[in-house]
Amino acid sequence: MCGIVGIAGREPVVDRLIGALARLEYRGYDSAGIATLDHGEIQRRRASGKLVNLAEKLTLDPLEGVTGIGHTRWATHGAPTELNAHPHATPRVAVVHNGIIENYRSLLVELAADGYLPVTQTDSEVVAMMATRWLDLGLSPVAAVQATVSRLEGAFALLFLFHGEEGLIVAARQGSPLAIGHGDGEMFLGSDALALSLFTDRVTYLDDGDWAVVTPQKASIRTRDGMVASRILHHSNASSSIVEKGPYRHFMAKEIHEQPDAVSRVVGQFIDRATDTLVVRSPLAFDFATLGRMTVSACGTAYLAGAVGRYWFERYARLPVDIDVGSEFRYRQPPLQPEGLALFISQSGETADTLAALRYCAANGQHIASVVNVAESTIARESGSVFPLLCGPEIGVASTKAFTAQLTTLACLAIVAGRARGALDNAALAELVGALVSLPGALAKALTVEEDIAKIARGLSKASDVLFLGRGSLYPIALEGALKLKEISYIHAEGYAAGELKHGPIALVDETVPVVVIAPSDELIEKTISNMQEVCARGGKIILITDAQGAATHGAMAQQTILMPQVHPFVAPIIAAVAVQLLAYHAAVHLGADVDQPRNLAKSVTVE
């Protein structure tokens, strides 16, 4: 998705901004732009398409300046045009933004009442307009940023450039990553260390809620509450910065925290935030409206993403779905309806069993579609339609951000199918689109309870056996929670449909077996609560993953409760995924396990 860079320097910045943006091209983008201060005046150049188009424009119409910001944009609000490209600017301020401003519509209404009107279709422009209003009211640039950021909802990384303020860039971060690079009499900012590696190997990562005042001499970092913050200075290996941990102890932790940004990219592929409407940006090689059945195949965590997707496709699109793990599907040789759709899910795009299942379906007259993270992979190349995750390299063997990106992709496709098949009316469609739009911000909020989960995980790490229970679309998340715990902590864990507890697994329940129950407040919570009572009656210790409403009504039965944000049931599985990831991660860390490279496991399974 979007990538951002900034330089508060002592030498011309234009060529260096372009070089840094080139290092962010892997994130995916469809337009680019830069802005500089030329004798105090804000000047900018923007272009749709690839970075080379911007470079050509700069050759014909150069920019000067030693302070500047740059951006590569993946369109989410409005078409990928030069008008909608970043930086967004008024005569007083220029802004680049990565993420989604969820409440931009209400802010635009407020600004319009004061005479501030947008000229683009984007959500990001509201940030520049808001800052301008505060400047017009007499606030300083730093105070204007504070006032602006305090009104924003969602996930964002922001850089601000101000008229007449040579050498000053103000930055803010919530949900989307942002790093500061330390040079010799110069300072740099970027979406990740890769963007900064051209300039420095000394990098500081902002925490959620941080904002920073950056000049050529230093960066002053403050928390959301305005308290001075001290963040660790990391030394980055420039040649391999794309696969560095940054401020995190493990890649898995880093990738868990990248999920708001990763999910934001997926949402941006399917939802036009200018109108909050569903879009299909590339023509599909099949027609959802005419499908009689869909077949899904994948392995491991990707299979569990497909299992959640089955609930969504069948409920919201009324499309029957068959799903099987690739290693079984390929040998079942199932009969397939002519002109059906076969969908394959793989992070690497090279999973051997999934690829074999794909080839079986292709040989049997199926339309082939895939959800992959590596666009050049074999599975992608052999698919008629490809839905890229765009979540960047995932180094940890246990999948995290690729899983939630897969889930989000399937959720978006399910409502695309529901619209095409006439299964969703306009009101229902708008409700589901709204749930997806709010998802990145909700994920960022879910990550704020990590310390609470870590405390619970320390107790969980003492268990020899753990059960996970869920109902409906939360059942595959129970399976995923058990898989994650097994993968990285080596604790035996099993996931079950909550209603199946009494059909055998309850025989395992006693005071030594923790039972993790995933039960946000939805139409099935009362059914799941009855299973909790069965566990309590046998001395079982319950860890309840729910939201505030669920905790208020049923939390008393649990020994420990993990509170997730209150969200629409449609996206609750994606939020719950974060909780089970963190639970497994911290249990494994407490046990001293190799979290990123668990024993006997590989990232890409290219053999049977």
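Since the structure is predicted, the reported quantities are computational estimates derived from the model, not experimental observations.

Draft legend 1. Representation of the sheet that holds strand S25 (residues 541-546) within the structure. If you walk across this open sheet you meet the five strands as S23-S22-S24-S25-S26, and the pairing is parallel. Across the chains shown, the open sheet's two edge strands, defined by having one partner strand only, are strand S23 (492-497) and strand S26 (560-563). Shown here is a sheet whose adjacent strand axes are inclined to one another by a mean of 20°, direction ignored. With four bridges connecting them, strand S22 (residues 465-470) and strand S24 (residues 514-518) associate as parallel partners. Bridge pairing links Gly470 to Ile518 in S24. Where helix H17 (residues 475-489) meets the sheet, it contacts S22, S23 and S24, and its direction lies at approximately 175° from that of S23.

Draft legend 2. Quick peek at the packing of helix H9 (residues 300-316) against helix H13 (residues 401-420). Between H9 and H13, the least distance of the axes is 9 Å, while the angle of their chain directions is 20°. Relative to H13, the element H9 lies roughly parallel. Seen along the crossing, H9 lies across H13 with a hand that is right-handed. On H13, the residues touching Thr301, Ala302, Leu304, Ala305, Gly306, Val308, Gly309, Trp312, Phe313 and Tyr316 of H9 are Phe403, Gln406, Leu407, Leu410, Ala411, Leu413, Ala414, Ala417 and Gly418.

Draft legend 3. Structural context of the sheet that holds strand S21 (residues 385-388). Reading across from one edge, S18-S17-S19-S20-S21 is the order of the five strands in this open sheet, with parallel pairing throughout. In the strand order of this sheet, the two ends are held by strand S18 (321-325) and S21, each with one partner. The average undirected angle you get between the axes of adjacent strands in this sheet is 20°. Relative to strand S20 (residues 367-372), strand S19 (residues 341-346) runs parallel, the two sharing six bridges. The residue of S20 that forms the bridge with Ala342 is Ile368. Of the strands in this sheet, S19, S20 and S21 touch H13, which is tilted by about 160° from S19.

Draft legend 4. Spotlight on unusual backbone geometry. Cis peptide bonds are those with omega within 30 degrees of zero, and the linkage from His86 to Pro87 qualifies with -5°. Among the structural elements, Pro87 can be located in the loop between strand S4 (67-73) and strand S5 (88-89). Here the phi dihedral of Arg318 falls at roughly 55°; this positive angle occurs in a residue that is not glycine. Mapped onto the secondary structure, Arg318 falls in the loop between H9 and S18. Backbone geometry places Glu339, a non-glycine residue, at a positive phi of 60°. The class for Glu339 is exposed, based on a relative accessible area of 52%.

Draft legend 5. How the structure looks around the environment of Gln269. In this structure, Gln269 sits in helix H8 (residues 259-270). Beyond its immediate chain neighbours, meaning those up to four positions away, Gln269 contacts Trp74, Val279, Arg281, Pro388, Leu389 and Leu390. Of the polar contacts made by the side chain of Gln269, one reaches the backbone oxygen of Pro388; its length is 3.0 Å.

Draft legend 6. Spatial organisation of the packing of helix H1 (residues 14-22) against helix H2 (residues 51-60). Two elements in contact, H1 and H2, have axes separated by 11 Å at closest approach and are oriented at 170°. For the element pair H1 / H2, the angle class is roughly antiparallel. Together, Val14, Ile18, Leu21 and Ala22 of H1 and Leu51, Leu54 and Leu58 of H2 make up the contact between the two elements. Of the residues belonging to the contact of H1 with H2, the class tally is seven nonpolar, no polar and no charged.

Draft legend 7. Region of interest: helix H15 (residues 439-446). The buried fraction of H15 amounts to seven of the eight residues, a majority that puts the element mostly inside the structure. Listed in full, the buried residues belonging to H15 are Leu439, Pro440, Gly441, Ala442, Leu443, Ala444 and Ala446.

Draft legend 8. Looking closely at the side chain of Arg46. Relative to the assigned elements, Arg46 resides in strand S3 (residues 41-48). One buried charged side chain, Arg46, makes no salt bridge at all; its nearest oppositely charged neighbour is Glu82, positioned 5.3 Å away. Engagement of the side chain of Arg46 in a polar contact is seen with the backbone oxygen of Leu83, the distance being 3.0 Å. Here the side chain of Arg46 touches Ala85 through a polar contact of 2.9 Å, landing on its backbone oxygen. Not counting residues up to four positions away in its chain, the partners in contact with Arg46 are Ala32, Gly33, Leu54, Lys57, Glu82, Leu83, Ala85, His86 and Pro87.

Draft legend 9. Representation of the nonpolar core within the structure. Membership of the largest hydrophobic core comes to 104 residues, with the highest contact counts inside it found for Trp312, Phe313 and Phe570. If you tally residues by element for this core, the top one is helix H20 (residues 572-591), at 15 residues. When sequence neighbours within four positions are dropped, the list of residues in contact with Phe313 reads Phe288, Met294, Arg318, Leu319, Val321, Leu410, Leu413, Ala414 and Ala417. In terms of nonpolar packing, the next biggest core, distinct from the first, is built from 28 residues, Ala131, Leu135, Ala144 and Ala172 among them.

Draft legend 10. Focus on the packing of aromatic side chains. Scanning all chains against the criterion turns up eight aromatic pairs. The interplanar angle of 10° and the centroid separation of 6.2 Å between the aromatic rings of Phe160 and Phe162 together place this pair among those described as stacked. Taken as a pair, Phe160 and Phe162 share a single burial class, namely buried. Ring centres of Phe270 and Phe387 lie 6.4 Å apart, and the angle between their planes is 35°; on these two criteria the pair is classed as tilted. Placement of Phe270 in helix H8 and of Phe387 in strand S21 is noted, with a sequence separation of 117 residues between them. Accessibility assignment for this pair places Phe270 and Phe387 in one class, buried. By way of ring pairs, the aromatic residues Phe286, Phe288 and Phe313 are connected into one cluster. The ring of Trp134 is capped by Arg133, whose NZ or CZ atom sits 5.3 Å from the centre of that ring. It is Arg599 that lies over the ring of Tyr490; its NZ or CZ is 3.8 Å from the centre.

Rules behind the numbers
- Residues numbered from 1 in each chain as written.
- Predicted model: local features only at pLDDT ≥ 70, side-chain atom pairs only at ≥ 80, totals over all residues.
- Heavy atoms only, no water.
- Pairing = 2+ DSSP bridges.
- Helix = DSSP H or I, 4+ residues; strand = E, 2+ residues; numbered from the N terminus.
- Axes fitted to C-alpha atoms, helices over the stretch in contact; angles between N-to-C directions.
- Contact = heavy atoms within 4.5 Å.
- Parallel < 35°, antiparallel > 145°, perpendicular 65-115°, else oblique.
- Left-handed = near helix turned anticlockwise from the far one by under 90°.
- Buried < 20%, exposed > 50% of the residue type's maximum accessible area, 1.4 Å probe, protein only.
- Polar contact = N/O pair within 3.5 Å; in protein donor to acceptor, adjacent residues only side chain to side chain.
- Nonpolar A, V, L, I, M, F, W, Y, C, P; charged D, E, K, R; others polar.
- Lys, Arg positive; Asp, Glu negative; His and termini not counted.
- Salt bridge = Lys/Arg side-chain N within 4 Å of Asp/Glu carboxyl O.
- Core = buried A, V, L, I, M, F, W, Y, C linked by side-chain atoms within 4.5 Å.
- Phe/Tyr/Trp six-rings, centres within 6.5 Å; stacked < 30°, edge-to-face > 60°.
- Lys NZ or Arg CZ within 6 Å of the ring centre and 35° of its normal.

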